[in-house]
Amino acid sequence: MNAPDKTAHHKTDEAFHKLIHDNHMWGLWEIASQMTPHPQPQAIAHQWQWSLLKEVVKRSATAVPVGDERRAMQLFNPGLNGQWATTNTLIAAVQVLLPGEVARAHRHSPAAIRFIIEGDGAYTAVEGEKVIMHPGDFILTPSWQWHDHGNETKETVVWMDGLDVPLTKSLNAMFFEMGKELKASHHKPVNGSKALYGHGKLTPTWAKERPLFSPLMIYSWNQTLEALHDLRNHDADPHDGICLEYTHAQTGGPVLPTMSCRVQMIRKGEKLKPKRVTGSSVFHVVQGKGRSTIEGKTFDWEKGDIIALPSWAQHDHANAGGEDAILFSISDRPVLEALGFYREAL
């Protein structure tokens, strides 16, 4: 028998691959390695320490004026090659508003949250409702709602922004509109949604509309802290501690269709067990000191620090200080659950 003509076969193989590549096709045998046995995100675990953020906040006050754009320092994940992203689906930022300033009214398709870090008495106005900010308060600015920020106090106000910008961009669903006026209309009662919906499980029967986002625009820190302390002596989740989710005031679901927002207490001396979950998170340290281990890397944290947690990264938290530690977090969990992709490994 004649030996097979390997040269001829190689030429045929090369010609075939050139044909499909030239016509924007690839064989599954060439890209099958992308079907990984578990998530392998490009985003990495990363920490922005408050000691640095505090200096950035201070210097931004004189270096950056508030114009049509906000004085908001975006936290870019080092693993994502310069993408506007803190994780693959979320962006976090630290925003600063000086006394007397107004951040111009605008609206956008990405949903946003604010967690107030410092300063008392400034406001965010959402669709006509002026919401007064206090440290620890959690505020919603849902998708495509007109909003502006103003500081009528004598204090500098600092908060953490959280938005689903990378997710919105990946879906090619980005819309943005700048307001014609500096301030949007403030025609609704101040903190009006809190008066209607801020009573726990009790909601007005005449409010028939059920928006995808919670109609309650502000979740006050006083109520949150009271709830955490009421549960302090109960048995807690061994992986998350005393962990509470901010919920839709009418349905009990997530506050936003694309973001889950939580607050957790890690009690003095407590060390939580490790776990993995699909979906990414961003943590902000509200109180206390502690240590998180993410994929074997240790992050020592204290009040004000912000930490990005990638999808499927094994992680655990421990209290390393002399008081209860409290973490606030945002995640993309509602999207994963809606698509059937949410998974845990404990």
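Quantities reported herein were computed from a predicted structural model and do not represent experimental measurements. (Residues numbered from 1 in each chain as written. Predicted model: local features only at pLDDT ≥ 70, side-chain atom pairs only at ≥ 80, totals over all residues. Heavy atoms only, no water.)

Engineer: Before we go on, may I ask you to explain the pairing of strand E10 (residues 157-163) in this structure?
Structural biologist: Walk down a regular strand and you will see the side chains alternate between the two sheet faces. Extensive coverage of E10 is indicated by the burial of 7 of its 7 residues. Pairing of strand E3 (residues 91-97) with E10, which is carried by 7 bridges, proceeds in the antiparallel orientation. When the bridges of E10 are listed, Ala93 appears paired with Asp161. Looking at chain direction, strand E5 (residues 112-118) and E10 are connected through 6 bridges and run antiparallel. Bridged to Phe115 within E10 is Met160. (Buried < 20%, exposed > 50% of the residue type's maximum accessible area, 1.4 Å probe, protein only. Helix = DSSP H or I, 4+ residues; strand = E, 2+ residues; numbered from the N terminus. Pairing = 2+ DSSP bridges.)

Engineer: Help me understand helix H3 (residues 50-63), please; the structure alone is not making it clear to me.
Structural biologist: Turn by turn, an α-helix covers 3.6 residues, leaving residues three or four places apart pointing in a common direction. Compared with the 20 Å implied by 1.5 Å per residue over 14 residues, the 19 Å span of H3 between its first and last C-alpha is a close match. Among the residues of H3, those classed as buried are Trp50, Leu53, Val57 and Ser60. Taken around the axis of H3, the buried residues stretch over an arc of 80°, which confines them to a single face. Facing away from the buried side of H3 by more than 90 degrees, the exposed set consists of Ser51, Lys58, Arg59, Thr62 and Ala63. (Expected span 1.5 Å × (residues − 1). Arc of directions from axis to C-beta.)

Engineer: Would you explain the layout of surface pockets in this entry?
Structural biologist: By rolling a water-sized probe across the atoms, one finds the places where empty space is left. By volume, the largest pocket amounts to about 710 Å³. If you go around the largest pocket, you meet 26 residues; those closest to its centre are Pro39, Gln40, Pro41, Asn88 and Ser311. Of the residues in the lining of the largest pocket, the class split is 12 nonpolar, 12 polar and 2 charged. In this model, the second largest pocket occupies a volume close to 530 Å³. As for the second largest pocket, its lining consists of 21 residues, and the residues nearest its centre are Gly200, Tyr219, Glu245, Tyr246 and Thr247. The biggest single contributor to the lining of the second largest pocket is helix H6 (residues 221-230), with 3 residues. When the residues that make up the lining of the second largest pocket are grouped by side-chain class, the tally is 8 nonpolar, 11 polar and 2 charged. (1 Å grid on protein atoms, 1.4 Å probe; cavity = no way out; pocket = protein on both sides within 12 Å on 5 of 7 lines; lining within 4 Å. Points joined across faces, edges and corners; volume = space filled by probe spheres on them. Nonpolar A, V, L, I, M, F, W, Y, C, P; charged D, E, K, R; others polar.)

Engineer: Would you mind going over a nonpolar patch on the surface with me for this structure?
Structural biologist: Together, Phe16, Leu19, Trp26, Leu28, Trp29 and Ile31 make up a nonpolar patch on the protein surface, roughly 700 Å² of accessible area in all. Those elements that place two or more of their residues in the nonpolar patch are helix H1 (6-22) and helix H2 (28-31). Of the residues forming the nonpolar patch, the biggest block, 3 residues, is contributed by H2. Here Trp26 is to be found in the loop between H1 and H2. (Patch = residues over 30% accessible without salt bridge, like charges linked within 9 Å, V, L, I, M, F, W, Y side chains within 5 Å. Areas by Shrake-Rupley, 256 points an atom, 1.4 Å probe, with all protein chains shown as cover. Salt bridge = Lys/Arg side-chain N within 4 Å of Asp/Glu carboxyl O.)

Engineer: Sorry, what's going on with the nonpolar core here?
Structural biologist: Judged by nonpolar contacts, the single largest core of 53 residues is most densely connected at Ile113, Phe138, Tyr246 and Phe328. In this structure, Tyr246 is in contact with Phe115, Phe138, Tyr219, Thr224, Gly253, Val255, Cys261, Arg262, Val263 and Phe328, ignoring residues within four places of it in sequence. (Core = buried A, V, L, I, M, F, W, Y, C linked by side-chain atoms within 4.5 Å. Contact = heavy atoms within 4.5 Å.)

Engineer: Where do I start with the pattern of salt bridges in this structure?
Structural biologist: Think of it this way: side chains of opposite charge can pair up when their charged atoms draw near. Using the criterion set out here, one finds 13 salt bridges in the structure. Its salt-bridge partner being Arg276, residue Glu295 comes within 2.5 Å of it at the nearest N-O pair. Placement of Glu295 in the loop between strand E17 (289-294) and strand E18 (297-302) and of Arg276 in strand E15 (residues 276-277) is noted, with a sequence separation of 19 residues between them. When its relative accessible area of 47% is taken as the criterion, Glu295 is described as partly exposed. Here Arg291 ties to Asp300 by a salt bridge, and the two come within 2.6 Å at their closest N and O atoms.

Engineer: Would you mind going over the packing of aromatic side chains with me for this structure?
Structural biologist: Pairs of aromatic rings are described using the distance from one ring centre to the other and the angle between the two planes. Across all of its chains, the model carries 9 aromatic pairs by this definition. Taken together, a centroid distance of 5.5 Å and an interplanar angle of 50° make the contact between Phe138 and Phe328 tilted. Of the two residues, Phe138 sits in strand E8 (residues 138-141) while Phe328 sits in strand E21 (residues 325-331), which places them 190 residues apart along the sequence. Just as Phe138 is buried, Phe328 falls in that class too. Look at Tyr219 and Tyr246: their rings are 5.6 Å apart centre to centre, the planes differ by 85°, and that puts the pair in the edge-to-face class. With Tyr219 in strand E12 (residues 218-219) and Tyr246 in the loop between strand E13 (242-245) and strand E14 (260-266), this pair connects stretches of sequence that are 27 residues apart. Accessibility classification places Tyr219 together with Tyr246 in one group, the buried group. (Phe/Tyr/Trp six-rings, centres within 6.5 Å; stacked < 30°, edge-to-face > 60°.)

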